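# Chain and residue survey
Here is how the chains run, residue by residue.
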Amino acid sequence: RPPRSTLFPYTTLFRSAAYAHIKDAINLEPQTSAYQAQLGEFLASYGKNLVEQNIISQEKKDAEMLSAFKTASEIESADIDFLVRYAQAFYDVQSPDLGRAQELWQKAESLAPLGFEKDEMRLNLARVFIMKKDFPQALETLNKINTPKYFSARDALKKKIEKTEK
C-alpha cells in the first residue's frame with residue numbers, strides 16, 4: 001500500500017487549503033510518489049466536498065485523482081501497491097474507463113507474486129467485467145479463484161451475475 005503515514009493532516013486545515021498545500025508540494029517535487037498518492041487519496045476522500053463547494057468540477061476531480069494515482073504508480077513502477085491503488089481509483093470516478101481499469105487489474109494480476117494476491121486481483125477484474133456486462137469473462141475469472149478466504153466474495157459476484165442476467 002502507498003504510505004499512509006505521509007498523508008497531510010487534513011483535519012487541521014480547511015479542505016480547500018489542504019488541497020492547495022498538496023498541489024504546492026507536487027509543484028515543488030512532482031516526482032515524489034507520496035505527494036502524488038496523497039493528492040489521489042485526498043481527492044478520493046474529500047473530492048466530493050470540493051465539488052460541492054465549487055472549488056473544482058466533478059470532471060476535474062476525477063481527472064486529477066486518476067492522474068495522481070497514475071503518476072504515483074509510474075514513479076514507483078516496481079511497487080504493485082501503487083498500481084493497485086490506481087486501478088481501485090476507477091471505482092471512485094463518475095464515468096470510469098472500464099477498458100483501462102481492466103488493463104490495470106490484468107497487469108496487477110500478472111505482477112502479484114502469490115496465489116492469494118492473484119485471487120484478490122481476479123476478484124477486482126471480475127468486478128470490472130461485470131460492470132462491462134461481460135458475464136462470460138467475469139465467470140471465467142471468478143472460476144480461477146482458489147483462495148478459501150475469497151470464496152464468499154466470489155460467490156457473491158456470481159450471484160450478482162445471475163441476478164443481472166435474468
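Attention here is on the structure that accompanies the text. (Residues numbered from 1 in each chain as written. Predicted model: local features only at pLDDT ≥ 70, side-chain atom pairs only at ≥ 80, totals over all residues. Heavy atoms only, no water.)

## Section: helix H5 (residues 98-111)
Taking 1.5 Å per residue, 14 residues should reach 20 Å; H5 reaches 20 Å between its end C-alpha atoms and fits that length. Listed as buried for H5 are Leu98, Ala101, Gln102, Leu104, Trp105, Ala108 and Glu109. Axial view of H5: buried residues confined to an arc of 165°, hence all on one face. Residues of H5 that are buried in the fold lie against helix H4 (80-89) and helix H6 (115-131). (Helix = DSSP H or I, 4+ residues; strand = E, 2+ residues; numbered from the N terminus. Expected span 1.5 Å × (residues − 1). Buried < 20%, exposed > 50% of the residue type's maximum accessible area, 1.4 Å probe, protein only. Arc of directions from axis to C-beta. Contact = heavy atoms within 4.5 Å.)

## Description of the packing of aromatic side chains
Any aromatic ring pair is given by two values, namely how distant the centres are and how the planes are angled relative to each other. What the rule picks out here adds up to 4 aromatic pairs. Between tyrosine 19 and phenylalanine 42, the aromatic rings sit 6.4 Å apart at their centres with planes inclined by 20°, giving stacked as the arrangement. A residue pair is termed long-range when its members are at least 10 positions apart, and tyrosine 19 in helix H1 (residues 15-28) and phenylalanine 42 in helix H2 (residues 33-52) qualify at 23 residues. Here tyrosine 19 and phenylalanine 42 have matching classes, each one buried. For the pair tyrosine 91 and tryptophan 105, a centre-to-centre distance of 6.4 Å together with 25° between the ring planes defines the contact as stacked. Of this pair, tyrosine 91 sits in the loop between H4 and H5 while tryptophan 105 is found in helix H5, placing the two residues 14 residues apart along the sequence. According to the relative accessible area criterion, tryptophan 105 is buried, its value standing at 0%. Put simply, the rings of Tyr19, Phe42 and Tyr46 pair up and form one aromatic cluster. One residue, arginine 127, lies across the ring of tyrosine 91, its end atom 3.6 Å from the ring centre. (Phe/Tyr/Trp six-rings, centres within 6.5 Å; stacked < 30°, edge-to-face > 60°. Lys NZ or Arg CZ within 6 Å of the ring centre and 35° of its normal.)

## Observations concerning the side chain of arginine 154
If you trace the backbone, arginine 154 turns up in helix H8 (residues 151-165). On the basis of relative accessibility, which here comes to 15%, the residue arginine 154 falls in the buried class. The contact partners of arginine 154, leaving out residues within four places of it in the chain, are Leu123, Leu142 and Ile145.

## Description of unusual backbone geometry
One non-glycine residue, asparagine 54, adopts positive backbone phi at about 60°. Overall, the relative accessible area of 70% leaves asparagine 54 in the exposed class. Unusually for a residue other than glycine, lysine 133 sits at a positive phi of about 65°. Structurally, lysine 133 can be placed in the loop between H6 and helix H7 (135-142).

## Re the environment of lysine 23
Mapped onto the elements of the fold, lysine 23 is located in helix H1. A C-alpha to C-alpha distance of 7.4 Å links lysine 23 and leucine 39, two positions 16 residues apart in sequence. Those residues in contact with lysine 23, other than ones at most four positions away along the chain, are Leu39 and Glu64.

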